[in-house]
Amino acid sequence: MKLKQRVVLLAILLVIFIFTKVFLIDNLDTSAANREDQRAFHRMMTGLRVELAPKLDHTLQSPWEIAAQWVVPREVYPEETPELGAIMHAMATKKIIKADVGYKGTQLKALLILEGGQKVVFKPKRYSRDHVVEGEPYAGYDRHNAEVAAFHLDRILGFRRAPLVVGRFVNLRTEIKPVATEQLLSTFLTVGNNTCFYGKCYYCRETEPACADGDTMEGSVTLWLPDVWPLQKHRHPWGRTYREGKLARWEYDESYCDAVKKTSPYDSGPRLLDIIDTAVFDYLIGNADRHHYESFQDDEGASMLILLDNAKSFGNPSLEERSILAPLYQCCIIRVSTWNRLNYLKNGVLKSALKSSMAQDPISPVLSEPHLDAVDQRLLSVLATVKQCTDQFGMDTVLVEDRMPLSHL
């Protein structure tokens, strides 16, 4: 090989080496914790596809008992879930033994009790997959398919803070009406040849019922968390006022995060990092409606922020509501594990993972292609926001080890 060719080859190899080093330094350091994050990501990807099957191997427990035992203060379900398919199959197929109006709230839902005594929340289909919800980010009815997609994204991000959700078809005439309470039954009506109901809620109206296709209604069912884990409601520190012309403090005060850090439960423990994880999660799904959140009671800030009520998402694939990321860009901190996971999911991996994870759901396809593309695009915005923070404050300040107290910030 001529000397000139050798020089060119060495130059190319040097460029490749430098690029590789820069990529690793910018995105993932080589600590033992981050190597474990990578192994966890590969385990998640390997077990991503959930086959809904009726059998529970190697146990005499019911699917409801197994799901209840999974719940601990920092996760709703564990990383390894070989029984997940059987539990979701039970949610989608078990006989409904009672139906009632949903718990308090603004949106239409029904509370169902399945064979074996398990409570689930049923949210009916209101829109086609291609429907675009115009207006404010929190406009429109709840989207049942958004609950399904949000649960699968929670799995992919490794948060494990969302209750189990699966799609289900129910026959309103044969499965619901015979076991419905009088309160729910009184809201049923017929529109054309379709059976409909409007339930009881703040915005529920007889003029705006949810209607089945004939008698068969598509919806989502969310597994009720065990009663031994009572919930506590909190006002989100980055919540909106929902009043025209009135801004929340975070919308005009650039030092707002400093004030939050001095307030319990954000002054120590994991709660502020949970808020920032949730901001990333909500931005990816297009949810600008998390004005409150729930944790477990009497937790002194140690409980996870539970990702409940995710149905005001996936309404408009063109939505780029950057204010959802305000906790991230105002505080400029993020968990190392979250940052690593987000990097593993770029370059189309997130879209592919979502499609694979949701492929076996009874209401598949859960999301339209524009919504899947939008999630990938929003991920780039999240990564860019973190980079702006690291450019300004440095990696050591922005990337926080998961179990570090916040007093160092």
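Conventions adopted
- Residues numbered from 1 in each chain as written.
- Predicted model: local features only at pLDDT ≥ 70, side-chain atom pairs only at ≥ 80, totals over all residues.
- Heavy atoms only, no water.
- Phe/Tyr/Trp six-rings, centres within 6.5 Å; stacked < 30°, edge-to-face > 60°.
- Buried < 20%, exposed > 50% of the residue type's maximum accessible area, 1.4 Å probe, protein only.
- Lys NZ or Arg CZ within 6 Å of the ring centre and 35° of its normal.
- Pairing = 2+ DSSP bridges.
- Helix = DSSP H or I, 4+ residues; strand = E, 2+ residues; numbered from the N terminus.
- UniProt positions renumbered as here; feature names shortened; annotations may be inferred.
- Contact = heavy atoms within 4.5 Å.
- pLDDT = per-residue confidence, 0-100.
- Disulfide = S-S within 2.5 Å.

**Q** Outline the packing of aromatic side chains, listing residues and values.
**A** Counted under the stated rule, the structure contains 8 aromatic pairs. Consider the rings of Y202 and Y203, whose centres lie 4.9 Å apart with planes at 85 degrees: the pair is edge-to-face. Judged by its relative accessible area of 58%, Y202 falls in the exposed class. The ring of F159 carries R161 above its face, with NZ or CZ at 4.5 Å from the centroid. The residue whose ring lies beneath R322 is Y329, and the NZ or CZ to ring-centre distance is 4.3 Å.

**Q** Go over the sheet that holds strand β5 (residues 188-191) with me, naming the residues and quoting the values.
**A** Each strand in a sheet pairs with its neighbour through backbone hydrogen bonds, running either in the same direction (parallel) or in the opposite one (antiparallel). Pairing in this open sheet of 3 strands is antiparallel, and the strands run β5-β6-β7 from one edge to the other. Looking along the sheet, the strands with just one partner apiece sit at the ends: β5 and β7 (210-211).

**Q** Pulling in residues and values, what's your account of the UniProt feature "binding site: Mn(2+)" (unreviewed entry) in the protein chain?
**A** This chain's UniProt record puts "binding site: Mn(2+)" (unreviewed entry) on D142 and D309. The annotated residues occupy 168 residues of the chain but converge on a single region, no pair of C-alpha atoms lying more than 9.1 Å apart. When you line up the elements, D142 lands in the loop between β3 (118-124) and α5 (144-157). With a relative accessible area of 10%, D142 lands in the buried category. Each residue touching D142, except ones within four places of it in the same chain, is listed here: Q107, K123, R126, A311 and K312. We classify D309 as partly exposed; its relative accessible area is 40%. Once you skip the residues sitting within four places of it in the chain, D309 turns out to touch Y103, K123, E147, N287 and R290.

**Q** Please provide a residue-by-residue account of the confidence of the model for the protein chain, values included.
**A** Averaged over every residue, the pLDDT of the protein chain is 90; the share at 70 or more is 90%. For residues 404-409, every residue scores under 50 in pLDDT, and the model assigns this stretch 12 contacts once sequence neighbours within four places are set aside.

**Q** I'd like to hear about the state of the cysteines, residue by residue, with values.
**A** Summed over all chains, the structure comprises 4 disulfides. The side chain of C196 participates in a disulfide bridge whose partner is C211; the two sulfur atoms lie 2.0 Å from each other. Between C196 and C211 the disulfide shows an S-S torsion of about 105 degrees. By sign, it is right-handed. Of the two residues, C196 sits in strand β6 (residues 194-197) while C211 sits in strand β7, which places them 15 residues apart along the sequence. The class for C211 is partly exposed, based on a relative accessible area of 31%. If the cysteines joined by disulfides in the protein chain are listed in sequence order, their pairing comes out as 1-4, 2-3, 5-6, 7-8.

**Q** Talk me through the side chain of H236; I want residue IDs and the actual numbers.
**A** Secondary-structure assignment places H236 in the loop between β9 (231-235) and α8 (256-261). Ignoring anything within four residues of it in the chain, the contact list for H236 reads I275, R290, H291, H292 and Y293.

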